[in-house]
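Each chain, letter by letter, is given below.
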Amino acid sequence: MNARPKKHSLTLRGHRTSVSLEDDFWDAFREIAAQDGRAINDLAAEIDESRGGDCGLASAIRLFVLHRLRAR
């Protein structure tokens, strides 16, 4: 398990951005996108649009993953 966040580039609505997440969160996020039949960029864009102004994108993705795993 690697606890250090790794930066990955995403494209959200035509704009490139970088998000730093731990490997376990990247893996879970990719799995969720695949289960939903969606591209990871599309799912990240949806999360980005729905997050509050006081929550960063990386935190919003972590919370999304956590909520999805808890809902299982």
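Residues numbered from 1 in each chain as written. Predicted model: local features only at pLDDT ≥ 70, side-chain atom pairs only at ≥ 80, totals over all residues. Heavy atoms only, no water.

Regarding the pairing of strand β2 (residues 15-21)
Strand direction decides the pairing type here: strand β1 (residues 6-12) and β2, joined by seven bridges, are antiparallel. Each residue of the ladder has a partner; that of L12, found in β2, is H15. Between β1 and β2, which pair antiparallel one after the other, the connecting turn spans two residues, and R13 there sits at a positive phi close to 50°. (Pairing = 2+ DSSP bridges. Helix = DSSP H or I, 4+ residues; strand = E, 2+ residues; numbered from the N terminus.)

Describing the environment of H8
Within the secondary structure, H8 is located in strand β1. When the C-alpha atoms of H8 and E31 are compared, they prove to be 16 Å apart, with 23 residues separating the residues in sequence. When residues no more than four places from it in sequence are discounted, the contact partners of H8 are T17, S18, V19, W26 and R30. (Contact = heavy atoms within 4.5 Å.)

The values are spatial; any link to function lies outside them.
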